[in-house]
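The lines below spell out each chain.
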Amino acid sequence: MKKALVLSTLALLISGNVCAKTWLLTSAESGVEQGNWQVTSQQLKIKDQTFSIEQKVLHGGKQEGSKIITINSQNGLTITLSPTRGMNLLRVEGFGVRMGWDSPVKEVVNPAYMNLESRNGLGWLEGFNEMLVRCGYEWTGHPVTADGQIYTLHGKAGNTPASQVSVDVSEKAPYEIRIRGLVKESTFKKADLQTEMELSYIPGSNSFTLHDVLTNHADYAHDYQIIYHSNFGTPILEEGARFIAPVESVSPFNDYAKAGLKNWQTYSGPTKGFDEMVFNFKPLADARKETVAAVINKAGNKGAAISFNTQQLPVLTLWKNTDTLKQGYVTGIEPGTSYAYPVTIEREQKRVKKLEPGQSTRFDLTYTLLHNASQVKDVEKRVADIQGNKAPQIIDTPIAKE
Amino acid sequence: MKKALVLSTLALLISGNVCAKTWLLTSAESGVEQGNWQVTSQQLKIKDQTFSIEQKVLHGGKQEGSKIITINSQNGLTITLSPTRGMNLLRVEGFGVRMGWDSPVKEVVNPAYMNLESRNGLGWLEGFNEMLVRCGYEWTGHPVTADGQIYTLHGKAGNTPASQVSVDVSEKAPYEIRIRGLVKESTFKKADLQTEMELSYIPGSNSFTLHDVLTNHADYAHDYQIIYHSNFGTPILEEGARFIAPVESVSPFNDYAKAGLKNWQTYSGPTKGFDEMVFNFKPLADARKETVAAVINKAGNKGAAISFNTQQLPVLTLWKNTDTLKQGYVTGIEPGTSYAYPVTIEREQKRVKKLEPGQSTRFDLTYTLLHNASQVKDVEKRVADIQGNKAPQIIDTPIAKE
Amino acid sequence: MKKALVLSTLALLISGNVCAKTWLLTSAESGVEQGNWQVTSQQLKIKDQTFSIEQKVLHGGKQEGSKIITINSQNGLTITLSPTRGMNLLRVEGFGVRMGWDSPVKEVVNPAYMNLESRNGLGWLEGFNEMLVRCGYEWTGHPVTADGQIYTLHGKAGNTPASQVSVDVSEKAPYEIRIRGLVKESTFKKADLQTEMELSYIPGSNSFTLHDVLTNHADYAHDYQIIYHSNFGTPILEEGARFIAPVESVSPFNDYAKAGLKNWQTYSGPTKGFDEMVFNFKPLADARKETVAAVINKAGNKGAAISFNTQQLPVLTLWKNTDTLKQGYVTGIEPGTSYAYPVTIEREQKRVKKLEPGQSTRFDLTYTLLHNASQVKDVEKRVADIQGNKAPQIIDTPIAKE
């Protein structure tokens, strides 16, 4: 087995159209499984960029057997994701900035040790520490018991080990790196939703892109929901940090958030007893339906921006969890098809989408780590341009009651 | 560790009475654990048959760490089972025919990634793709909440890793191969039901036999139930395929199945919206209580037959899941002690059996892959002989309401 | 990977203050993971004691991947614990006596295969076979549905793999051995209770000590509960065996236990249909709040004693499970902060403790294997001294109703 793995590491495949090298790290179908694995720009005889891509098997506690893949670009970003946890992004670092946060959950919890049904459907919280969790696709949102079952918090994709994982490096400058994972939500009689997730990164750059294609492989139409739960703490988040996005309207998620409605665009420092406030937005977009949302620090020289398409992801949730540092001082910027209400409410309010048999839908998001004032200004200008002279409509009342 | 495993692979034991070679692949008690392992007829210096027996550890997605054992008989059957999934049989192939089916669940799901309680007790469906699942033994049937707990769909045995697994090859022609597994349902205060499962196969033949011995190791009497959930799709199942069995009576499982009662002996092709119809039978048997049930293709030259004993397995369920190919086009022929009703109904109707302290009971089933018209005719004749001139009684009304 | 592990085995660290050798066997933080591992007194060039410490990875059934660590002292005790199961102690043997018992659960069940929520919160019983399970710390006691969630039987710590495990051997006589484990109950928004567990043993001796430090790493105060569920069967437990402890009062746990109140100090032999009787005690202690409880055999020459501090562990539960041998003939001596009632009752009756942010609390218990009449007499004398001339108050009525 070990030998076979080593061989397949060496077996570099040439994919015809883009002239890239491909490594298959995991394949349930063909039985491939790399454990610890690495490739470097040096091995690839690339001289004008220095980078490595490494897979590592983690151990200890509830992360026993979890795998992480790290792209390390010497003059760019270090991006860490976990195939075992549904290709979730753990953290992205570079240029002295970090996208991600510090959860009290420190381990990359292997879903084998998770029970999503525990804590009345809040079991998901026992593994939550990522910069990005894809919350979906069979369902998402706050847990609810309906149709006789618990719809657990934020669905299952983020706690489903990827069935197929591969790494691609383009042989020509700018040496685009792609990490692909296939996450299956396949249950006899219930669902056959499969998502091909791709992260694409050009070494040296300060942004990366996700291209996710969700396909309903069943012969029946199936509902789906997705929230790109993207989470940022220090050093971007701080007292006086700001949330910016072009929006048609903003409303508080629940009664508790009403008190924070006026200040939806600014953040408090770590605040004991704050817990969390959530706001729902209808985002505005440009003519191509492209838009952007960002959190930027007080000085305006650090930030994290997410570009997305409102045809793909029509709603936006802002999660202000400006609790103390130890509790998890973090804000979530969450483009989605749904708000974080339980699926029952999302259904009532017609935000649950449907895929016909064989139909696919895609989600493309670009995450940019902003590390100087000029980059921050560019995003602010983009937000202002899309916003134009429409003032955001402030709606006092939550659109739903859990 | 690796070295120790290799050594124990070489340590072929001679079991006295049958002059067979035995390999211990897994033993919780003695700490033995083979990973990938193989033995071939060539290694055993057997010349008049060509076969191999191989254990493989699977990887990727939710099958990470699952083991499968494959018997490959060059001029006979290829039988694949999974010790990790309670010795369930995944598929049996040979003579251009396949016993098994295509579930949307493609992976051999490691029970570590299962939550049987999820989906209100239907979590079992997240791993269901086998040709045979033993549904039991602590309970079986549709899920129900009773006595304050969920009795999850079809019990736990099929999602319990075997505690002890061994392979036996007789040194003399016809070189009988036996794969044995021990599956424990042992819970302090609750149950100590242990099942020694044996699959026996003679290389080159078109049938194999299961010999399962269930023992109540507790000092108190304990209920048990078992359904041998045996599932067949293409190429046997097709429009015009037929179900044959000598039966005293047939009744629809529920109101939905009433509509299909008249045609209980024939199958539709893949039919969108069909979902499933289930029929309950009282099987007839010969003087030795032996009987047979089979599904045969339209042309009458392919089929799968199950011989069983009605003293051991007094009832028979027919599951017609002639939904589309992608959804899982499949029929279940399910000899059992119980029908598929929840344990509460099975108790009321006195089909739940009991084992006294230390008592054992056995279940012997022979599965035959029918690959020509003459074999099919033999089974048809056997069915007709047992049926004699009694007409099956058609009962219009379900015997129970879930 | 394998190589790295071997190297770190050799990398003996000198910890400054006690001049001990330390081996890091598991570290989620630094990615260290030893598989099978051993160190012997011979390797350490220790001549006046013969001992070994070994870690072993178990396989088969539901113990696949579980680790155990065994201290084997040639003229002392053999102590076996499992890092995978929250540092629980499986059994302690020596001097012809055994502390531990025989559960129908034989495997060291990997928590990956557990579902604590199953059986209406009694899933814990599927893995219970230890001499000591730490029942806590987020909650403990009988299961109850409250605040919309199931508080599962005896909490999660005993089914949580340790995040960090190390072994320490003092380089000077008496060569104290310490095994340390860190068990985290860290859930975003819910809890960040972490327990540093230490077992300390001097080779050749007949006792060992647990030093557990529980810390609330959250920024909010958090409840905790703990029961040291310590379990003893044959050869100590037998008809005529006695439970001794200095107590202020004893009361039956429930109505069923009333019948056994008179004989709380003696045990029956294995008794079919006995099930279990539970008694609640307020223990007496000496001026330093130290006390002891013990079970001793009929002849008074074998026993197991637990010394603890009533400021740390103010209440004591006696669990008499003198059912048949196969069912698990066992008594639990359970010092704790709580009785075994559901957390709801423990809260009402003010036994649930609280830790302020950053606050730690410690629990120190010494377990002594008594292997001759003189040792038993010493414990009896200690109990009598603490009891003095106060007679235990016999309270007829349970203090609570489940």
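Scroll up to find the structure this text is about.
Overview of the structure.

What counts and how
Residues numbered from 1 in each chain as written. Chains lettered and ligands numbered in written order. Predicted model: local features only at pLDDT ≥ 70, side-chain atom pairs only at ≥ 80, totals over all residues. Heavy atoms only, no water. Contact = heavy atoms within 4.5 Å. Buried area = accessible area lost by both parts, 1.4 Å probe. Helix = DSSP H or I, 4+ residues; strand = E, 2+ residues; numbered from the N terminus. Nonpolar A, V, L, I, M, F, W, Y, C, P; charged D, E, K, R; others polar. Expected span 1.5 Å × (residues − 1). Buried < 20%, exposed > 50% of the residue type's maximum accessible area, 1.4 Å probe, protein only. Arc of directions from axis to C-beta. Least-squares fit on C-alpha atoms with pLDDT ≥ 70 in both.

Structural notes on the interface of chain C and chain A
Opposite the 32 residues of chain C that make contact, chain A presents 38 residues. Where chain C abuts chain A, roughly 2700 Å² becomes buried across the two surfaces, and 51% of that area is made up of carbon and sulfur atoms. Elements that contribute at least two residues to the side of chain C that touches chain A include exactly strand S2 (20-27), strand S3 (32-33) and strand S14 (177-187) of chain C. Broken down by element, the side of chain C that touches chain A gets its largest block of residues, three residues, from S14 of chain C. The residue inventory of the side of chain C that touches chain A, partitioned by class, reads 12 nonpolar, 10 polar and 10 charged.

Examining helix H6 (residues 373-387) of chain A
Residue and element names in this part refer to chain A. Taking 1.5 Å of rise per residue, the 15 residues of H6 would be expected to cover 21 Å, and the 21 Å separating its terminal C-alpha atoms lies within 8% of that figure. Within H6, burial applies to Gln375, Val376, Val379, Val383, Ile386 and Gln387. Seen from one end, H6 has its buried residues packed into an arc of 115 degrees, which puts them on one side. Turned more than 90 degrees away from the buried face of H6 sit Lys377, Asp378 and Lys381, all of them exposed. Looking at the buried positions of H6, the neighbouring elements they touch are strand S18 (242-244), strand S19 (247-252), strand S21 (290-296), strand S22 (303-309) and strand S26 (360-370).

Here we look at the relation of the copies chain C and chain A
With an RMSD of 0.0 Å, the fit of chain C onto chain A corresponds to turning through 120 degrees and sliding 0.0 Å along the axis. Look at the turn and shift together and you get a three-fold axis relating the two. For chain C, the smallest separation between a C-alpha atom and the rotation axis is recorded for Ala112 of chain C, amounting to 2.9 Å. An overlap of only 9% is found between the interface residues of chain C and their copies at the interface of chain A, pointing to separate contact surfaces.

Notes on the relation of the copies chain B and chain A
Overlaying chain B with chain A gives an RMSD of 0.0 Å, the required rotation being 120 degrees about an axis along which the chain moves by 0.0 Å. In this assembly the copies use different faces: only 8% of the residues contributing to the interface of chain B also contribute to that of chain A.

Description of the environment of Pro270 of chain B
All names here are of chain B. Of note, Pro270 is situated in the loop between helix H3 (255-258) and strand S20 (277-283). Looking at Pro270, the relative accessible area reads 44%, which means it is partly exposed. It is 20 Å that separates the C-alpha atoms of Pro270 and Arg91, two residues lying 179 residues apart in sequence. Apart from the residues within four sequence positions on either side, Pro270 is in contact with Thr322, Asp323, Thr324, Leu325 and Tyr329.

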